[in-house]
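Observations on the model geometry
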Amino acid sequence: MRGIWFWIALVAIFVAGNVLTLTIENTFLFYAGYTVLQFVVLATAWNILGGFTGYVNFGSAAFFAVGAYTSIALQKWLGLPLPLLIVAGGVVAGLIGLGVGFLTLRLRGVFFAIATLALAVVLETVVTNWEYVGGAKGTYVIPPDGMLYFDEFIEGLFAVMLLLALFAVGVAKAINDSRFGRGLAAIRDDEVAAEATGVPTLRLKLISTTVSGALMGIAGAPYPLYVTYVDPVSAFNLTYAVNAIAMPLIGGTTVWFGPVIGALLLGVMQQWLTVVQLFEGAGQELNLLVVGVMLVGFVILAPQGIVGLIRRLFGRRKA
Amino acid sequence: MFSIDLLANAVVAGVLLGGFYAAVALGLTIAFGQLDVVNIAHPIFIIFGSFCTYVAHERLGLDPVVTGVLLMPFFFVIGVALYSVYYSSFERRGDDALRGLAFFFGILFIVEVLLIMTFGVDYRLVETAYIGESIHLGGVGIPFRLLVPFLVAAVMTAGLYFYLSRTFIGRAILAVSQDRLALQLMGADPVRIKRIAFGLALATTAVAGALLIMIQPVEPSVGRLYIGRAFAIVVLGGMTSISGTFVAALLLGVVESLVATFIGPSWAPAVAFGFLLITLAVRPAGLFGR
Amino acid sequence: MLKKFTRRSLLAVAAGATALTLALTPVQPAQAADPIRIGFSMALTGGLAAAGKAALIAMQIWAEDTNAAGGLLGRKVELVFYDDQTNPSTVPGIYTKLINLDKVDLVVSGYATNMIVPAMPVVMSKKMVFMALFGLAANEKFQYDRYFQIMPAGPEPKTDWSGHYFDLAMEQSPKPTTVALVGADAEFARNALDGARTNAEKKGLKIVYDKTYPPGTADYTPIVRAIQATNPDVIFVASYPPDSAGMVRAANEVGLKAKMFGGGMVGLQFASLMTKLGPMLNGIVNYDFWVPSPTLKFEGVDAFLKKYQEKAPAAGVDPLGYYLPPYAYAYLQVLGSAVTAVGSLDQGKIADYIRDNEHDTVVGKVRFGKNGEWATPRVLMVQFQGVEGNEVEQFTKEGTRAVLYPKQWKHGDLQYPYK
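The structure contained in this document is the topic of the report that follows. (Residues numbered from 1 in each chain as written. Chains lettered and ligands numbered in written order. Predicted model: local features only at pLDDT ≥ 70, side-chain atom pairs only at ≥ 80, totals over all residues.)

Quick look at the overall build of chain A now. Of the regular secondary structure elements, chain A holds 15 helices and 2 strands. Against the 2.2 N^0.38 benchmark of 20 Å for 319 residues, chain A shows a C-alpha radius of gyration of 20 Å, consistent with a compact globule. When burial is assessed residue by residue, chain A has 61% of its 319 residues classed as buried. Nonlocal contacts in chain A, meaning residues at least 24 apart in sequence, comprise 77% of its contacts between residues at least 6 apart. (Helix = DSSP H or I, 4+ residues; strand = E, 2+ residues; numbered from the N terminus. Rg over C-alpha atoms; globule rule 2.2 N^0.38 Å. Buried ≥ 20, exposed ≤ 12 C-beta atoms within 10 Å, placed from the backbone. Contact = placed C-beta atoms within 7 Å.)

Attention now goes to the pairing of strand S8 (residues 234-239) of chain C. All names here are of chain C. Burial within S8 is extensive, with 6 of its 6 residues counted as buried. Of the two faces of S8, the one holding Val234, Phe236 and Ala238 and the one holding Ile235, Val237 and Ser239 are both buried throughout. Bridge analysis of strand S6 (residues 178-184) against S8 gives 5 bridges, and the strand direction is parallel. Note on S8: the bridge partner recorded for Ala180 is Ile235. In this fold, the crossover linking S8 to strand S9 (residues 260-265) by way of helix H9 (residues 241-254) has right-handed handedness. (Pairing = 2+ DSSP bridges. Right-handed = clockwise from strand over helix to strand, strands pointing away.)

Here we take up the interface of chain B and chain A. Across the boundary between the two partners, chain B contributes 34 residues, which contact 34 residues of chain A. At the level of secondary structure, the elements contributing two or more residues to the side of chain B that touches chain A comprise helix H4 (97-119), helix H9 (225-236) and helix H11 (268-282) of chain B. The element that contributes the greatest number of residues to the side of chain B that touches chain A is H4 of chain B, accounting for 14 residues. Grouping the constituent residues of the side of chain B that touches chain A by class yields 25 nonpolar, 5 polar and 4 charged. (Nonpolar A, V, L, I, M, F, W, Y, C, P; charged D, E, K, R; others polar.)

Turning our attention to the sheet that holds strand S5 (residues 147-149) of chain C. Residues and elements named next belong to chain C. Taking strand neighbours across the sheet as the criterion, the 5 strands line up as S2-S1-S3-S4-S5 in an open arrangement whose pairing is parallel. One side of each edge strand has no neighbouring strand; the edge strands of this open sheet are strand S2 (77-83) and S5. Put simply, the sheet's adjacent strands are angled 20° from each other on average, direction ignored. The pairing of strand S3 (residues 106-111) with strand S4 (residues 130-133) spans 3 bridges and is classified as parallel. Of the residues in S4, the one forming a bridge with Val108 is Met131. Lying over the sheet, helix H2 (residues 49-68) contacts strand S1 (36-42), S2, S3 and S4, oriented at roughly 165° with respect to S2. Its contacts with the sheet put helix H3 (residues 91-101) on S1, S2 and S3, and the angle it makes with S1 is roughly 170°. (Axes fitted to C-alpha atoms, helices over the stretch in contact; angles between N-to-C directions.)

So, on to the interface of chain C and chain A. With 40 residues of chain C at the interface, the matching set in chain A holds 44 residues. Per element, the largest residue contribution to the side of chain C that touches chain A is 11 residues, and it comes from helix H1 (residues 2-24) of chain C. Among the residues forming the side of chain C that touches chain A, the class breakdown is 19 nonpolar, 13 polar and 8 charged.

The next subject is the packing of helix H2 (residues 42-60) of chain B against H9 of chain B. Residues and elements named next belong to chain B. Following both chains from N to C, one finds H2 and H9 inclined at 120°, their axes separated by 8 Å at the closest point. Here H2 runs over H9; the crossing is right-handed. Packed against H2, whose contacting residues are His42, Pro43 and Ile46, the element H9 presents Tyr226, Ile227 and Ala230 at the interface. Grouping the amino acids of the contact of H2 with H9 by side-chain chemistry returns 5 nonpolar, 1 polar and no charged. (Left-handed = near helix turned anticlockwise from the far one by under 90°.)

In structure tokens:
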């Protein structure tokens with residue numbers, strides 16, 4: 001019965017988010033919030049493969065960019081509305097995820113990670129040379145003034161990303177609690193043993209890579225509208241790959257809310273540091289330094305992420 | 001557009017460039033291939049080496065190669081220290097390589113920012129008497145700017161190869177990547193051996209940095225461009241093999257050069273990494289793996 | 001147990017929200033004596049940081065100069081800026097923060113097209129004047145009438161960029177007949193190449209090589225050899241600093257022969273590259289926006305450069321500062337003089353004033369035309385002549401980079417052919 005409260009909470013958060021867009025004047029909050037939520041989706045998506053199944057994806061930026069470029073191409077070609085673009089971005093990125101899934105047949109551990117990295121480079125080169133979507137020159141996507149019942153476009157975009165984030169979290173939670181999720185965990189812990197005990201490892205891995213890829217594509221699909229100008233260098237930016245890995249690690253990789261905590265913490269931190277002069281008179285590069293130090297500090301001091309840290313404290317208190 | 005002359009030049013240029021790539025990747029073969037440490041910060045230390053070389057060249061007039069060699073002990077110490085932190089925080093606890101990966105991502109950012117703060121963000125390059133000159137053998141031109149890095153890389157490869165196969169510590173390093181228990185029975189402390197090996201890996205970045213700044217202008221974010229390339233070479237080379245790394249680097253250099261000459265440079269990375277993808281899919285142990 | 005965690009995670013969210021509110025603390029409403037705040041994003045880290053930091057120094061000098069002269073409208077000016085990390089996705093947020101929370105009175109752009117465009121929708125929705133720093137045709141899609149761009153690339157930036165290069169080439173004898181186009185796979189370079197292609201076709205030149213390379217390329221000798229194999233008369237290169245250096249060195253090593261070589265090579269304006277490449281530069285004809293030349297001694301430019309050059313070494317940026325910094329100073333100069341002339345911060349009136357008048361700046365007289373670009377292009381074609389050794393001094397002298405085109409600014413003669 002406890003499960004039902006989770007879904008009610010998701011709906012409540014979505015409604016609350018919508019109310020916020022109507023009551024809060026300050027649109028900066030929605031720009032910042034959009035970015036943070038986008039990382040919630042990316043981190044959650046990465047974690048389905050990386051945390052649940054144990055396959056490290058180095059190329060999250062590529063899946064994100066595939067979503068973004070699918071939406072650019074289809075908007076230009078057919079003029080599809082945003083919801084369809086998001087679905088399409090998810091489908092194309094999911095198909096690429098499926099392809100990556102077949103790589104897991106032969107590649108494990110770091111080899112798989114390197115393969116995803118290579119895939120990212122190949123995809124970036126293809127997009128760079130694809131003139132229809134602007135190629136290396138980049139392309140302009142001019143957002144409309146408003147959306148649905150929102151005064152400002154960014155408020156609508158924020159609500160969309162909120163919905164996507166809740167969707168991603170919902171998917172992750174459903175996987176986490178299901179037999180399917182337990183199968184993935186078995187693969188993560190010992191793939192050979194899992195295979196031997198009758199877990200259909202290939203099928204589970206294929207579903208896992210597909211879902212993970214699709215969610216990343218979904219995160220990327222609205223990006224062109226957010227940033228107005230997209231070129232391969234920014235869409236395939238290393239930041240996405242790094243954050244997609246760092247956030248779940250900081251939060252905790254074994255449960256669905258680990259990446260959410262990590263993404264909220266690191267994402268809010270990054271947004272805050274972007275617009276704050278931390279040290280009077282010092283260069284702002286110190287902000288980037290803080291992110292680096294945080295990353296190193298967390299993985300050393302909290303090996304199981306924040307979730308693990310809390311668990312440890314909680315366990316000790318009980319004992 | 002095809003001619004024998006172009007082909008010969010493309011192959012030679014590719015081999016020379018590949019030599020430099022080998023210098024970039026060798027340390028990673030040790031750290032990543034042999035020690036299983038996913039040191040994604042490897043390229044940023046190369047950039048650090050480049051900036052040290054630049055300063056030594058500007059202030060003291062030292063030749064880049066000399067600086068690179070002189071820096072090695074210093075980088076060795078950094079490597080030993082870094083591995084000690086890594087070992088006590090991750091490896092000893094038996095944590096997966098994933099956390100280590102995040103750790104090195106953090107190190108990458110930290111070092112990059114420290115470089116920006118110390119050296120600024122302007123492009124730096126060094127100019128020596130031999131840069132810009134070339135020798136001509138038949139129709140093939142060999143620029144010193146690429147020949148010197150190639151030779152240095154070849155010497156470093158040979159040196160590492162013999163060190164690892166002929167000395168006690170070297171063999172112990174090879175053993176640690178294969179059979180830890182046997183090593184302990186031999187009476188060597190695996191952690192100490194690994195510390196030395198990682199120090200060695202970082203020491204190669206000092207030389208690679210010196211070579212990099214001879215070849216192209218350097219600023220702190222250039223390092224990111226070499227992450228993919230370096231890892232690709234290590235994997236192609238079969239992960240643990242020094243000679244395999246060298247050959248894979250040459251191969252990558254030649255492929256890039258041929259594509260740039262005859263098809264269009266724009267496709268060079270796709271061809272190189274597509275090659276890697278196919279290799280991984282068909283022969284996961286790399287081209288020269290066991 | 002799960003419940004406990006959810007509560008904890010809520011705590012984490014709350015902590016995050018608190019952190020965000022800290023950043024959001026609203027600024028007190030402006031009073032007459034408060035400074036006029038000018039907001040912008042600038043690349044202080046990442047790939048464009050070298051240029052961004054140099055621009056920032058120039059802008060700070062403008063603020064100092066203006067405040068020393070009593071400020072604007074009797075109020076001091078204050079620069080409010082954030083690091084965009086050379087990452088376009090930070091830009092929309094930064095500009096909303098600047099406008100909504102910092103309540104800046106005026107906004108200007110960060111450096112280069114990729115960082116300008118993401119700010120456009122935000123600035124446009126507030127109907128603010130937007131002075132832009134080195135955007136290449138960034139307003140073409142928006143056609144925002146309060147956008148003004150200071151780089152002198154002319155009303156049709158993509159073709160005007162290389163127009164003078166081809167004009168110059170076609171005036172020479174023997175007349176060139178073939179051209180090779182090469183450049184980096186990135187925004188500016190690809191646009192410049194498109195323009196060059198149009199220009200080459202217009203002049204009846206035969207295009208014998210037309211390829212791009214990825215920005216991370218380490219060695220350029222294969223590319224230069226492939227170009228040489230097509231034996232072009234004119235070679236137009238659109239490149240960024242690392243590849244510019246790579247192309248110049250490779251050209252020397254290969255012994256590249258052509259009648260004209262250069263065009264759109266970014267980076268050959270910076271002291272760090274010029275001093276290192278030294279004599280290899282001789283004969284190259286490249287674009288520039290300002291060089292020491294008797295024809296380009298605009299009022300205030302020397303005084304500005306002196307101040308800039310005092311500050312540059314500490315920041316580790318280009319010690320000469322001829323290329324971008326005077327324009328970074330000038331775009332604020334235009335804005336400042338418009339505010340003074342209008343006598344208020346009325347964005348519409350400021351925009352009208354900027355649009356309808358000619359402005360005296362350290363980069364000369366500026367008049368804006370179509371899409372807020374310069375009404376007439378002033379992309380200078382300069383040739384490196386008599387460079388010896390690696391001393392920086394020689395680049396401060398007139399004639400080391402002889403101004404060849406347009407004729408209005410000409411001071412020196414083209415050495416033709418290149419090699």
